[in-house]
Amino acid sequence: MASEMEPEVQAIDRSLLECSAEEIAGKWLQATDLTREVYQHLAHCVPKIYCRGPNPFPQKEDTLAQHVLLGPMEWYICGEDPALGFPKLEQANKPSHLCGRVFKVGEPTYSCRDCAVDPTCVLCMECFLGSIHRDHRYRMTTSGGGGFCDCGDTEAWKEGPYCQKHKLSSSEVVEEEDPLVHLSEDVIARTYNIFAIMFRYAVDILTWEKESELPDDLEVAEKSDTYYCMLFNDEVHTYEQVIYTLQKAVNCTQKEAIGFATTVDRDGRRSVRYGDFQYCDQAKTVIVRNTSRQTKPLKVQVMHSSVAAHQNFGLKALSWLGSVIGYSDGLRRILCQVGLQEGPDGENSSLVDRLMLNDSKLWKGARSVYHQLFMSSLLMDLKYKKLFAVRFAKNYERLQRDYVTDDHDREFSVADLSVQIFTVPSLARMLITEENLMTVIIKAFMDHLKHRDAQGRFQFERYTALQAFKFRRVQSLILDLKYVLISKPTEWSEELRQKFLQGFDAFLELLKCMQGMDPITRQVGQHIEMEPEWEAAFTLQMKLTHVISMVQDWCALDEKVLIEAYKKCLTVLTQCHGGFTDGEQPITLSICGHSVETIRYCVSQEKVSIHLPISRLLAGLHVLLSKSEVAYKFPELLPLSELSPPMLIEHPLRCLVLCAQVHAGMWRRNGFSLVNQIYYYHNVKCRREMFDKDILMLQTGVSMMDPNHFLMILLSRFELYQVFSTPDYGKRFSSEVTHKDVVQQNNTLIEEMLYLIIMLVGERFSPGVGQVGPAEEIRREIIHQLSIKPMAHSELVKSLPEDENKETGMESVIETVAHFKKPGLTGRGMYELKPECAREFNLYFYHFSRAEQSKAEEAQRKLKRENKEDTALPPPALPPFCPLFASLVNILQSDVMLYIMGTILQWAVEHHGSAWSESMLQRVLHLIGMALQEEKHHLENAVEGHVQTFAFTQKISKPGDAPNNSPSILAMLETLQNAPSLEVHKDMIRWLLKMFNTIKKIRESSSSSPVAEAEGTILEESSRDKDKAERKRKAEIARLRREKIMAQMSEMQRHFIDENKELFQQTIELDASVSAAPDNSPPVSDTALTALGPAQTQVPEPRQFVTCILCQEEQEVTVESRAMVLAAFVQRSTVLSKDRTKVIENPEKYDPLFMHPDLSCGTHTGSCGHAMHAHCWQRYFDSVQAKEQRRQQRLRLHTSYDVENGEFLCPLCECLSNTVIPLLLPPRSALSRRLNFSEQPDLTQWTRTITQQIKVTQMLRKDGSAAADTPSSEDTEDMNIIPIPEGFRPDFYPRNPYSDSIKEMLTTFGTATFKVGLKVHPNEGDPRVPTMCWGTCAYTIQSIERILSDEEKPVFGPLPCRLDDCLRSLTRFAAAHWTVTLLPVVQGHFCKLFASLVPNDSYEDLPCILDVDMFHLLVGLVLAFPALQCQDFSGSSLATGDLHIFHLVTMAHIVQILLTSCTEENGMDQENPTGEEELAILSLHKTLHQYTGSALEEAPSGWHLWRSVRAGIMPFLKCSALFFHYLNGVPAPPDLQVSGTSHFEHLCNYLSLPTNLIRLFQENSNIMNSLIESWCQNSEVKRYLSGERGAISYPRGANKLIDLPEDYSSLINQASNFSCPKSGGDKSRAPTLCLVCGSLLCSQSYCCQAELEGEDVGACTAHTYSCGSGAGIFLRVRECQVLFLAGKTKGCFYSPPYLDDYGETDQGLRRGNPLHLCQERFRKIQKLWQQHSITEEIGHAQEANQTLVGIDWQHL
Ligand SMILES: [Zn+2]
Ligand SMILES: [Zn+2]
Ligand SMILES: [Zn+2]
Ligand SMILES: [Zn+2]
Ligand SMILES: [Zn+2]
Ligand SMILES: [Zn+2]
Ligand SMILES: [Zn+2]
């Protein structure tokens, strides 16, 4: 860094560092004009420290500033060394009990749902964990930055305001004391001086607007001539635009441009060029020109470097002030005092005011620095918080105006502090009374909505994106209003009443502008041309919903306020009502001898509006009059006599009629905007202050009216008056076919009208309307939601209205109505309705949508049928009305109602074709049921001597009057009971008649005893029977599913069917758990199964028939037949890796012959096990390729698979594949010429022979290759020396037994493995192809063995068929592959592999025994051996060779284990070794000890050694067993098929090993001693033993995904402390955790992009290449989402392993319920990883959801 600076600068640095803070402070103490003195110092030093070159050096600047500028100030304040002074101050300090921790972006915050006064009250993690709330119901969110911890604020918490840390100790007094008493007078005076100067300096310079001049007192004589071109951030231009522009304007590289843009985005500004004025101005011109085309240009300033320097120091000074006041509350108070002191210019001239008022002019970085200072000073001091709140309120309008025009996000605006101030109840109340805050906010809001129509109502322009943006900003005022009202007063002062009512007036003004806005007229004839604007109005309504509710809550708290508010609201409504009178002429209606006057108004012809907030507010207040009983206590104070019920109901009724007409299809031509409005009108987000209140208003009005009059007006508004007042309407219409549409319409309208009547009489669950408590309302909502279907918690929450605190109140009642069903491995927890609650079900529940209603009806009827009950869904018994609404029940027995019912029943009886509907009848029956319920209730609760006024049963028994002489309603019901066409309603009619009789009986017995009724008995079934039945049912399902699949399989011809995919996945799982190991071999005697060697159990290989999934032809697998292949997927893997830092650096040179025991860089092969003909597959693949090419040309889209890389989907199961494996018979039997051998060589002899054979082949090869050059005489001499072993015929080349088609497939798979495993271009002739094939065989077996061991499953337990098929074909393929390779190549590999165990001078680069994975070595040797053996005609068999190789490798592995076994835990003394094994191993250890030159540690106990060898070798034995099993086809011994303690003995038997493994050494001691010696004397082994290097020890531990914490918030906390590694301490926006290695990455961000294969990729993709060789599993911490990545183009999201208490995940962390780790789900993810199924999972996800394909995964 120093080298970059010029020497001159370094000299300045030195001189600056020489000055002494103490001296400067001393000078200041003497100064007469301190301000001047300090300013001079600053003027002199600041430009020398800051902004001396094109790039900032923050650390250097900070050090110098601290030393030269801030140090003296600290000395001055303390009057001594601040290192002593500040701790003293800190000790004397009595800290307040506020935590006040300011949140970082992404930090977790907690709010207690039980105790927080409102949801903005939050705790930091530390406080939360130390508080009582951790055991309460809480919500967790991540902070967006800003805001602070409310711990210790007694106003924020109803209970437990202090955590343990901030708790008041008992000795302390709570009363407020002046914090200054803890400071000495001197310190106070000095602090005051310095604070005043520095705060003013910072404010002056930050708000300074001249670009090349400084304030006079900061100017210096000798001024440099350097400038900056300063680029500012805005929210209009994109990152890309800025980067592009910068590259052009200042000629920088893309990397630099990204750096500039990142800083601009973070700090709000960055200099992009440094130099003289012109040079900088030039850049400015280019930037402005380049960005001004579509939008306003980027803000750029050319600034003198000294201005920039002072501004930088100004910011530093502010942060310094913030840190100094941290030492003492007294210092903090002084700073507050300084900040709020009125300046020389009077009003609004304090430093705090000046900063606030300049907020929108400051850049982002400056804003956040001073906001932070405000938070840690003004908001932490109880006294000054109040004063600051007043300043804030006084400036409120101006600040909001600035904010609305400013383009920065709200979190960067000082206006955002409103949440900190307004949510403090005492402050809010003070501001309402003293600053009239409520009115101020509402007025400021109204000022922003200037557009009005002729009636003064809001009028919104087209809702464009820009409009929406602006409007969103305006809405923040509503949010402020909400904050102010969120905590409700407990006590009312006269002052508060007055100011609240003033605010209420302003609020009414606002609502008045909304009453009747966006009016609509029915479109007839043509469709509307342009959808009218509606969104803005609804957004406004939606935002205001909670405020409207809260205003009512306030009113409810004070009787005087309620009465006043009611009067005011009524007055305004009356004014409004005068507003729209068009087309209202009086008319007279009469039915049944009743008549009423009303106006002529048709919704279908005149204007109508959905927005009626004034009416609705009045309805709300009216209910409060009832609820608070004010209506009964002070009727004289209420304007009840002024109420005109018809006026009250008119507009809400119109609105409801509009909905009915829309349903009836009468408004089709008005387009979607209307449909949307109707939808939101009923939607849970709006209905509380819209639809619900309209129903309330009707109830209010009707309760004051003659029900007959109301019903006639209702008929008239529904435009049905004619229908019912005209006799024989039905008859007339049934004959006229032409009016079908009109009839249909009228039918719907009648249905809707009846539904409305049902609601008006039946909806009594709001407190104040019916005699219910608040819990009953929510209880009823839940019952009806769950009547539709069982629901997850979040789903249920979404269907319930939330209050301003985001609470639904559901927790209080849910347990009384529902059972919770826990989630399984997938899916969510569910709530199911308790059966006994079904009787409270109301089919005509007013919040049902039509779809919900019919679903609920179906579900409830089904339930009843299942319980063998009748299917009637009668109306439930209802709670009684409150007195104010009591008269509503009379609608049911009014003459007009009876007339309407009678008419409709008559239509039903006469069965008039279309002029009648079943729904209509159903509703009438429901209404009759309601009336009967009502009458029964009245009778049962009748008070002695009281006159019974409800006499519905009597009225319906009476026949109609002349002239119709219609039969009575009762009679008609009896007739309908037998109507064959009404089967569905029979149960209901029967119920009605039964009810009628019950009531008759009660009346007869004259209320002597209430009739108890037994409704619905719960069927009880013994749980055991249920279980049994359940099991049987599941078995049956499984059987059916299997049959179905079989049927489908045979049906499938050449095409695959998408629908079966899921079925197939299920079967695969089913197979895994149910079916035993495929037993297609004839039973062999269990006793002695041997997998290899001359003693190998001979099993006739069963003939194998396979059906091609493509052509459905069956074919036998033989050597000569056409090849059958399995779809397979080859991938690189690090799943088993013990060293993730290793990557293949240079794939062209990399030699995969030896696998290192750390198993890094493996190649895994998987298969779905679906077989096809090779030629069928080829044809299929060609067609996929062709199709893909066409598609890419057309759509330029990715698919989930990469055809160019050979990828395709299995035609049957759509499993991602990239090659095929041929199906083969055991290759050993196909190759070996079985002669009858009597004498086989022992290990020693065999090794010697092989060594000789190797030498010969090596000579020949050398000779062959040298022959072309100059033949050397030495070689020929050697030839003579080495005798060709007897029977060895190096010139013999065996014939390849396989058909051409099989040969071709051997090459295909081999090449694919080579290509994928090494990431190189395919080259079938490369000598590394065979080693890659053996490698993937060994690696795949190892990975499966690992999974089996981890799950503690037996090695030959039931394996899913796909795995079994895959391993079998992979092993046999690898064994056959040498036949398609040049013999010398394979022989060469064999020689080299062999040489790693048996020394051979020709190789120099052999790994030492510690650096070879023995299983890979075994597989390589065994599979390469035939290439040598085929030339051996001495009579030594292949099987003998296999056995000797196996023994040799096993012994090497034992030595490897002994060398690396960790001998530390050898504390316990063992008695003398007794067992044979122990003695043997001790002697072997002794030998090793000797050969290593005593470097190997002294032998621990024999028992211990033997134990560690047995444990260490188990994985190798298991892998070997699997390998030879598949290679030779010897069935697995039954003992190995079941779980047991240890299979060691069985494995040894199966593998032809002595159970005392050490006997191998003893039996072959003559050769082994020399081999051991050669192994031990390797220099690497010596280095290891002397501790110079490490080595893998055995058994290798399992690789698992990292441990995740139980509580999700600790992860959030961890991530919030994580900063981007590239951009210096910046918080990462998308911190992402690698679940494989635990690294935290800065994902999805420019700063951490890396270059990979010439492309820029995000941090996660880059990480996958090193950590997971291309595949990765991540947890996106902010989103709580698991991310799977594979390669650059593939990825998907996966459900996270964290669940809330309701068994649901929270992707995106939107709900904020506490999340806990679900082990089962995490294990499932881990299993996917261990099984190498990540890529496959991505493939399936992408196939299922095409949008995933479009995501640029590489940028994550
Ligand atoms: Zn805290
Ligand atoms: Zn605390
Ligand atoms: Zn709590
Ligand atoms: Zn075929
Ligand atoms: Zn398949
Ligand atoms: Zn990793
Ligand atoms: Zn980063």
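Structural data are supplied above this passage.
A. Representation of the pairing of strand β12 (residues 1124-1133). Judged by how many residues are buried, β12 sits mostly within the fold: 9 of 10 residues are covered. The sheet contact formed by β12 and strand β13 (residues 1162-1173) spans 9 bridges and is antiparallel. Within β13, the position partnered with Phe1129 by the bridge is Gly1166.

B. Looking closely at the environment of Asp1182. One can find Asp1182 in helix α44 (residues 1174-1195). According to the relative accessible area criterion, Asp1182 is partly exposed, its value standing at 40%. Between the C-alpha atoms of Asp1182 and Val1203, which are 21 residues apart in sequence, the distance is 9.9 Å.

C. Region of interest: the sheet that holds β13. Taken together, the 3 strands give an open sheet; going across it, the order is β13-β12-β16, and neighbouring strands pair in antiparallel fashion. For this open sheet the edge positions go to β13 and β16 (1219-1222), each flanked by a neighbour on one side alone. Sheet twist, expressed as the average angle between the axes of neighbouring strands with direction ignored, equals 40°. Along the sheet, helix α48 (residues 1300-1318) makes contact with β12, β13 and β16, crossing β16 at roughly 135°.

D. Focus on the coordination of the zinc ion (ligand 3). Distances from the zinc ion (ligand 3) to its protein donors, Cys112 (SG), Cys115 (SG), His133 (ND1) and His136 (ND1), fall within 2.0 to 2.3 Å. Around the zinc ion (ligand 3), the 4 donor atoms sit at angles spanning 98 to 116°, and that spread fits a shape best called tetrahedral. When the donors of the zinc ion (ligand 3) are listed by position in the chain, the intervening gaps give C-x2-C-x17-H-x2-H. Here Cys115, found in the loop between β1 (105-112) and α6 (125-129), pairs with His133, found in the loop between α6 and β2 (138-144); they are 18 residues apart in sequence, far enough to count as distant.

E. Highlighting the packing of helix α4 (residues 58-78) against helix α11 (residues 305-324). The interhelical angle for the contact between α4 and α11, taken along N-to-C directions, is 45°, at an axis separation of 12 Å. With respect to α11, the axis of α4 lies oblique. Seen from above, α4 lies across α11 with right-handed handedness. Only Phe313, Lys316, Trp320 and Val324 of α11 make contact with α4, whose side of the interface consists of Asp62, Ala65, Leu69, Leu70, Met73, Glu74 and Ile77.

The rules we used
Numbering of residues starts from 1 in each chain and follows the order in which that chain's sequence is written. Here chains are named by letter from A upward and ligands by number from 1 upward, in the order in which they appear as written. This being a predicted model, a pLDDT of at least 70 is required before a residue's local features are given, and a value of 80 or more before pairs of side-chain atoms are given or counted; all residues contribute to the totals for chains, interfaces and linings. Side-chain metrics in this entry use all non-hydrogen atoms of the structure; hydrogen atoms and water are not considered. Exposure is judged per residue with a 1.4 Å probe applied to protein chains only, and the accessible area is read against the type maximum: over 50% gives exposed, under 20% gives buried, and values in between give partly exposed. Every helix listed is a DSSP run of H or I at least four residues long, and every strand listed is a run of E at least two residues long, numbered separately from the N terminus. Note on pairing: two strands pair once DSSP finds at least 2 bridges between them. Fitted lines through C-alpha atoms give the axes, limited to the stretch in contact for helices. The angle between two N-to-C directions lies from 0 to 180 degrees. The contact definition used throughout considers only heavy atoms, calling two residues in contact when any of these lie within 4.5 Å. The donor set covers N, O and S atoms within 2.8 Å of the metal, switching to 3.2 Å for Na, K and Ca, and it leaves out water, so a site may look short of donors. Irregular is the default label, applied whenever a site is not tetrahedral (four donors, all angles between 85 and 135 degrees) and neither square planar nor octahedral (four or six donors, opposite donors over 155 degrees apart, all other angles between 65 and 115). We call two directions roughly parallel when the angle between them is under 35 degrees, roughly antiparallel when it is over 145, roughly perpendicular when it lies between 65 and 115, and oblique otherwise. Here a crossing is taken to be left-handed if its near helix is turned anticlockwise relative to the far helix by less than a right angle, and right-handed if that turn runs clockwise.

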